[in-house]
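Coordinates in review
Below, each chain spelled out in residue letters.
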Amino acid sequence: MRLLVSSGLVAKSPNRSYRVCAFDDRDLYELGTLRLQLEQLASRLAFEDAAFVEGMESAIGQMKDAVRRRDKLGAFDANNRFHEAIIGAAGHRRLSEAYGSIADQIEFAFLSHGRLERDIDHLVGEHEMLLDLARSGELEAFLNELQRHVQGGLELATGMKIPDISVATKPDIAIAAPQALPKPLAEKAVADIEMLGW
C-alpha cells in the first residue's frame, strides 16, 4: 500500500483507511502538461539518436498487432511503450525518474476517465505521424505534433477544450481538494489495474 500511496494512486489519512484517489480535470491537465514538457525535453535530447526512432517503431509494431486483434489493453500498453521510448532514448536518469513518478498516475487517471471504452482505431495513425516526423529529422514539427497529440488525448479524456498546453498559462479549471473515487468507479479502476497486471 505504501508504494500505491507514494505513486499518488491511493491516499491515507491519519486514523483512516486507505482510499483510491480520484483524478479530476485539473489533475489530468497537470499530468498532461508535465508529461508534455518531459517528453519534449527527452525529444530534444535524443532526436538524432537511432534509439529514439527504434523504440517508437517497436511500440508501433506492438500497437498494430493489438489493434488488429481488437485488444484494447494491448493497444494502450503499446501506447505507453511508445511514450516511454521517447523518454528512455534521452539516456537521462533523472528525467526518466521524473517521468516514472507520474506514469502510474497518468495511466490511472486515463483509466478512471474511460480509457478502455475509447476507440483504438486511431492510435496507430496518430503515432505513425510522430514516427514519420522523427524519421524526417524535423524536430520542431515533431514537437508541435507531440503537443497536439498529448493535448488531444486530454481533450478526449475530459470532454472539454484544453488551453494551449505549450505555454505557461493557468487553466480555468478549479482546484478541488483530493476526493475519493466513488465506490463503483474505484472498483472498476482497480479491476482495470489488475487486468493490466499492476
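Residues numbered from 1 in each chain as written. Predicted model: local features only at pLDDT ≥ 70, side-chain atom pairs only at ≥ 80, totals over all residues. Heavy atoms only, no water.

A word on the overall build of the protein
Counting secondary structure elements, the protein contains 8 helices and 2 strands. Written out in order from the N terminus, the α and β elements of the protein read α-β-β-α-α-α-α-α-α-α. Evaluated residue by residue, the protein yields a buried proportion of 44% over its 198 residues. Counting only contacts in the protein whose residues sit at least 6 apart along the sequence, the fraction spanning at least 24 positions is 73%. (Helix = DSSP H or I, 4+ residues; strand = E, 2+ residues; numbered from the N terminus. Buried < 20%, exposed > 50% of the residue type's maximum accessible area, 1.4 Å probe, protein only. Contact = heavy atoms within 4.5 Å.)

Quick look at the side chain of His83
Take His83: it is sitting in helix 4 (residues 72-89). For His83, a relative accessible area of 1% corresponds to the buried category. Within the structure, His83 has its side chain in polar contact with the side chain of Glu39 (distance 2.8 Å). Residues contacting His83, with those up to four places away along its chain left out, are Arg35, Glu39, Tyr99, His127, Leu146 and His149. (Polar contact = N/O pair within 3.5 Å; in protein donor to acceptor, adjacent residues only side chain to side chain.)

Details of the packing of helix 4 against helix 6 (residues 123-136)
Running from N to C, helix 4 and helix 6 point in directions that differ by 15°, and their axes come no closer than 11 Å. When the axes of helix 4 and helix 6 are compared, the pair comes out roughly parallel. Taken as a pair, helix 4 and helix 6 cross one another with a handedness that is left-handed. Listed contacts from helix 6 to Ala75, Phe76, Asn79, Phe82 and His83 of helix 4 are Leu123, His127 and Leu130. The residue inventory of the contact of helix 4 with helix 6, partitioned by class, reads 5 nonpolar, 3 polar and no charged. (Axes fitted to C-alpha atoms, helices over the stretch in contact; angles between N-to-C directions. Parallel < 35°, antiparallel > 145°, perpendicular 65-115°, else oblique. Left-handed = near helix turned anticlockwise from the far one by under 90°. Nonpolar A, V, L, I, M, F, W, Y, C, P; charged D, E, K, R; others polar.)

Brief notes about the packing of aromatic side chains
On inspection of all chains with the given rule, the structure shows 3 aromatic pairs. Consider the rings of Phe47 and Phe52, whose centres lie 5.5 Å apart with planes at 55°: the pair is tilted. By relative accessible area, which is 0% here, Phe52 ends up buried. Pairwise contacts between aromatic rings join Phe47, Phe52 and Phe142 into one cluster. (Phe/Tyr/Trp six-rings, centres within 6.5 Å; stacked < 30°, edge-to-face > 60°.)

Concerning unusual backbone geometry
If you check the backbone angles, Arg70 has positive phi at about 60° while not being a glycine. When you line up the elements, Arg70 lands in the loop between helix 3 (50-68) and helix 4. Looking at Arg70, the relative accessible area reads 47%, which means it is partly exposed.

A few points about the packing of helix 2 (residues 25-46) against helix 4
At a closest axis distance of 7 Å, the pairing of helix 2 and helix 4 adopts a crossing angle of 55°. Of the possible angle classes, the one that applies to helix 2 and helix 4 is oblique. Like other packed secondary-structure pairs, helix 2 and helix 4 cross with a definite hand, here left-handed. Across the interface between the two elements, Arg35, Leu38, Glu39, Ala42, Ser43 and Ala46 of helix 2 pack against Asn79, His83, Ile86, Ile87 and Ala89 of helix 4. Considered class by class, the residues forming the contact of helix 2 with helix 4 number 6 nonpolar, 3 polar and 2 charged.

What about the environment of Leu131?
Tracing the chain through its elements places Leu131 in helix 6. Residue Leu131 is classed as buried on the basis of its relative accessible area of 4%. Taking the C-alpha atoms as reference, Leu131 lies 6.8 Å from Val53; in sequence the two are 78 residues apart. With sequence-adjacent residues up to four places away left out, Leu131 is seen in contact with Val53, Met56, Glu57 and Ile60.

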